[in-house]
Amino acid sequence: MNTRVAITVLRERDEVARLWTNPAYGTAASREVGAAVVFKDALRRFKQRVETGEVPRSDGSPEGERAERKVRQRPAQPLTASELAEVEKAGVS
Amino acid sequence: MRAKVWSGRNTVQVENVPDPKILNDRDAIVRITSTAICGSDLHLYDGYIPTMEKGDILGHEFMGEIVETGRGVENLQVGDRVVVPFPIACGNCWACRHELYSVCENSNPNAGIAEKLFGHPTAGIFGYSHITGGYAGGQAEYARVPFADVGPIKIDDDLADEQVLFLSDIFPTGYMGAEFCDIKGGESIAVFGAGPVGQFAIASAVMPGAEQVIAIDRYDYRLQMARTRCGATDVIDFSKDADIVEQLKELTGGRGPDAVIDAVGMEATHGHGAIHAAERVKQAARMETDRGHALRDAILACRPAGIVSIIGVYGGLMDKFPTGALMNKGLTIRTG
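A quick note: this is a predicted structure, and the numbers were derived from the prediction, not measured. The written sequence of each chain sets the order in which its residues are numbered from 1. Chains carry letters and ligands carry numbers; both start at the beginning, A for chains and 1 for ligands, and go up in the order they are written. Totals for whole chains, interfaces and linings use all residues, but because this is a predicted model, local features are given only for residues with pLDDT of at least 70 and pairs of side-chain atoms are given and counted only at 80 or more. Note that the side-chain values use all heavy atoms of the structure and ignore hydrogens as well as water.

Quick word on the overall build of chain A
So, point 1. Where helices and strands are cited, they refer to DSSP runs of H or I of at least four residues and of E of at least two residues respectively, numbered from the N terminus. In terms of regular secondary structure, chain A is built from four helices and zero strands.
So, point 2. Scanning chain A from its N terminus toward the C terminus, one meets helices and strands in the order α-α-α-α.
So, point 3. Think of it in three bands: residues with accessible area under 20% of the maximum for their type are buried, residues over 50% are exposed, and the middle band is partly exposed, with areas taken using a 1.4 Å probe on protein chains only. Counting only residues that meet the buried cut, chain A has 44% of its 93 residues in that class.
So, point 4. Where accessible areas are quoted, they stem from the Shrake-Rupley method and a 1.4 Å probe; at the residue level, only the protein chains shown are allowed to cover. Of the roughly 5,100 Å² of accessible surface on chain A, a fraction of 53% belongs to carbon and sulfur atoms.

This is the structure:
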């Protein structure tokens, strides 16, 4: 099994290192454990937060990119109020 | 709201679905005033694009009026008229900073799925399967537009919807197809497919000075439009003669066009019924996702060291791709 993953963040190396230790950006990612795909998702969310200020959410993947959603997408149509409440309660990204 | 949803292969229907809501600070909600059906929607309808889910709202060519904005959207106001480009782009990543918006690195929340099939993720796209993010499309009353501070084109004047709607996809797609051909004046350009994107590609090849533009299709009304409205100098109706490569050579003094634009994509039709049937069976049996008649002929017809510009949509894998011709003739392929 491949256990190596990589991602490029459009920031200077020092800034990436600094943000990685910032709980708002990197701490969650560095705590992720499990398969490479899970860690890659965490790296993507780190990159998204650093570069765009948010974790993009779609109708199919309303929590942002998550390994478990890759095999269980919901339809690409808006969430009902109760579905949205459930997603928000479980935590987004 | 009412929306058109995909319900399985060869089935779409209008259904009641929940209204969209702001999910991210850089979102906006658009009340849709006009939307179009893209030729590439047929690939979804026919079931050849992977990762569709029942209930997906289709549509990636739309425009309308902003009715709500997230806290992070400062350049748009409620009431603004906008055309929404089909790729969703963050504006911040390396690709967006290089104006390569269709390969935005951040807008696809299913990047891992795309990476498996394509090697890298591509941008999120409205209403175009889950490999491009699983975003609801615009063939609906309302749509949520992520990164609304980047993509939407504000329409400030009184141009009618019909005059600007095609900025959402088919005009820039056709224009890009011609731009890929490096037209400086005097070239011969062949355009496979005279549907809407092909028509815009023809007009876009004429504008910078191509001397000869050859439209290829099997429908006479399209070929007539290519001649009378878009500036094609020659046409080839392959329903009358299926040997497109030889006809292109005849029209170009035996050399072949300087550049060839494929505006057909993965559901190409071949003029020879038996050849078409064989490929159709392979596609239906999922032995390949892409029927490649147009692209194969484009590669074979293009002059040595010419350019093959691919703007027709392909979804996965094609059988019998002519790598020998591609390499030995020194062709340049540009896609998007």
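Observations regarding the sheet that holds strand 9 (residues 142-145) of chain B
All names here are of chain B.
So, point 1. When DSSP finds two or more bridges between two strands, those strands count as paired. Spatial strand order, 9-3-5-6-10: five strands in an open sheet with antiparallel pairing. The open sheet has two edge strands with one neighbour each: strand 9 and strand 10 (153-154).
So, point 2. Where strand 5 (residues 61-69) and strand 6 (residues 81-84) come together, four bridges link them in antiparallel fashion. When the bridges of strand 6 are listed, Phe 62 appears paired with Val 84.

Description of the sheet that holds strand 13 (residues 234-237) of chain B
Residues and elements named next belong to chain B.
So, point 1. The strand order across the open sheet formed by six strands is 13-12-11-14-15-16, and the pairing between neighbours is parallel. Only two strands of the sheet have a single neighbouring strand rather than two, namely strand 13 and strand 16 (332-335). Between one strand axis and the next, the sheet turns by 15° as a mean value, whatever way the strands run.
So, point 2. In this fold helix 10 (residues 293-301) packs onto strand 11 (188-192), strand 14 (259-262) and strand 15 (307-310), with an angle of close to 160° to the strand it touches most, strand 15. Between N-to-C directions, angles span 0 to 180 degrees; the directions come from axes that are lines fitted to C-alpha atoms, helices contributing only their stretch in contact. Here, two residues are considered to be in contact whenever any of their heavy atoms come within 4.5 Å of each other.

Notes on the pairing of strand 12 (residues 212-217) of chain B
Residue and element names in this part refer to chain B.
So, point 1. Where burial is concerned, most of strand 12 is hidden: six out of the six residues are buried.
So, point 2. Here strand 11 pairs with strand 12 via five bridges, running parallel. Paired with Val 191 across the bridge in strand 12 is Ala 215.
So, point 3. We call a crossover right-handed when, viewed with the strands running away from us, the connection from the first strand over the helix to the second turns clockwise. Crossover strand 11 to strand 12 through helix 6 (residues 196-206) is right-handed.
So, point 4. In this sheet, strand 13 lies alongside strand 12 in parallel orientation, the contact comprising four bridges.

Brief notes about the interface of chain A and chain B
So, point 1. On the side of chain B, 38 residues touch chain A, which itself brings 26 residues to the contact.
So, point 2. The term buried area refers to how much accessible surface (probe radius 1.4 Å) is lost by two components on association, counted for both of them together. Taken over both partners, the interface formed by chain A and chain B buries close to 2,700 Å², and the fraction arising from carbon and sulfur atoms is 51%.
So, point 3. Whenever Lys or Arg places a side-chain nitrogen within 4 Å of a carboxyl oxygen from Asp or Glu, that contact is recorded as a salt bridge. Between the two partners, chain A and chain B, sit three salt bridges.
So, point 4. Residues A:Lys47 and B:Glu105 are paired through a salt bridge, measuring 2.6 Å at the closest nitrogen-oxygen approach.
So, point 5. We call two N or O atoms a polar contact when they sit within 3.5 Å, provided that within protein one can donate a hydrogen and the other can accept it, with sequence-adjacent residues counted only if both atoms are side-chain atoms. If you look at where chain A meets chain B, you find 25 residue pairs in polar contact (both at pLDDT 80 or more).
So, point 6. A per-element tally of the side of chain A that touches chain B places helix 3 (residues 36-52) of chain A first, with six residues.
So, point 7. Side-chain classes are defined by residue name, with Ala, Val, Leu, Ile, Met, Phe, Trp, Tyr, Cys and Pro counting as nonpolar, Asp, Glu, Lys and Arg as charged, and the others, Gly among them, as polar. By residue class, the composition of the side of chain A that touches chain B is eight nonpolar, eight polar and ten charged.

Quick notes on the side chain of B:Glu288
Residue and element names in this part refer to chain B.
So, point 1. Along the chain, Glu 288 turns up in the loop between helix 9 (273-284) and helix 10.
So, point 2. Summary of buried charges: Glu 288 has no salt-bridge partner, and the nearest side chain of opposite charge, Arg 296, is 4.4 Å away.
So, point 3. Leaving out residues up to four positions away in the same chain, Glu 288 has contacts with Glu 279, Lys 282, Gln 283, Arg 296, Leu 317, Met 318 and Asp 319. As used throughout, the charge tally considers Lys and Arg to be positive and Asp and Glu to be negative, leaving His and the chain termini uncounted.

Some words on the environment of A:Gly60
So, point 1. As for its position among the elements, A:Gly60 is in the loop between helix 3 and helix 4 (81-90).
So, point 2. On the accessibility criterion, A:Gly60 (0% relative accessible area) is buried.
So, point 3. Between the alpha carbons of A:Gly60 and A:Gln77 there is a distance of 7.4 Å; along the sequence they are 17 residues apart.
So, point 4. Leaving out residues up to four positions away in the same chain, A:Gly60 has contacts with A:Arg69, A:Gln73, A:Arg74, A:Pro75, A:Ala76, B:His130 and B:Gly134.

Looking at the environment of B:Phe118
So, point 1. Within the element layout of this structure, B:Phe118 appears in helix 3 (residues 111-118).
So, point 2. Beyond its immediate sequence surroundings of up to four residues, B:Phe118 is in contact with B:Ile131 and B:Gly315.

Points about the pattern of salt bridges
So, point 1. Taken as a whole and assessed by the stated rule, the structure comprises 27 salt bridges over all chains.
So, point 2. The partner of A:Arg74 in a salt bridge is A:Glu83, with the nearest N and O atoms 3.0 Å apart.
So, point 3. A relative accessible area of 30% places A:Glu83 in the partly exposed class.
So, point 4. Through salt bridges with shared partners, one network takes in A:Lys40, A:Asp41, A:Arg44, A:Glu65, A:Lys70 and B:Glu115.

Concerning the packing of aromatic side chains
All names here are of chain B.
So, point 1. Under the pairing criterion, centres of Phe, Tyr and Trp rings, with the six-membered ring standing for Trp, must be within 6.5 Å; the plane angle then separates stacked pairs below 30 degrees from edge-to-face pairs above 60, leaving the rest tilted. Within this structure, the stated rule accounts for seven aromatic pairs over all chains.
So, point 2. Plain terms: the ring middles of Phe 62 and Phe 126 are 5.1 Å apart, the flat faces sit at 85° to each other, and that makes the pair edge-to-face. Highlighted residues: Phe 62 in strand 5 and Phe 126 in the loop between strand 8 (124-125) and strand 9, separated in sequence by 64 residues. Accessibility assignment for this pair places Phe 62 and Phe 126 in one class, buried.
So, point 3. Consider the rings of Phe 126 and Tyr 135, whose centres lie 6.5 Å apart with planes at 55°: the pair is tilted. Each member of the pair, Phe 126 as well as Tyr 135, carries the same accessibility label: buried.

Observations regarding the confidence of the model for chain B
So, point 1. Summary statistics for chain B give a mean pLDDT of 96 and a share of 100% for residues scoring 70 or more.
So, point 2. Scoring of the predicted complex yields 0.94 for pTM and 0.93 for ipTM. The score called pLDDT rates the predictor's confidence residue by residue, from a low of 0 to a high of 100.

Brief notes about unusual backbone geometry
Residues and elements named next belong to chain B.
So, point 1. Phi is positive for Thr 51, close to 70°, though the residue is something other than glycine.
So, point 2. Mapping Thr 51 onto the fold places it in the loop between helix 1 (41-45) and strand 4 (56-57).
So, point 3. We classify Thr 51 as partly exposed; its relative accessible area is 29%.
So, point 4. With a phi angle near 75°, Ser 129 is a residue other than glycine that sits in the positive phi range.
So, point 5. The exposure class of Ser 129 is buried, given its relative accessible area of 4%.

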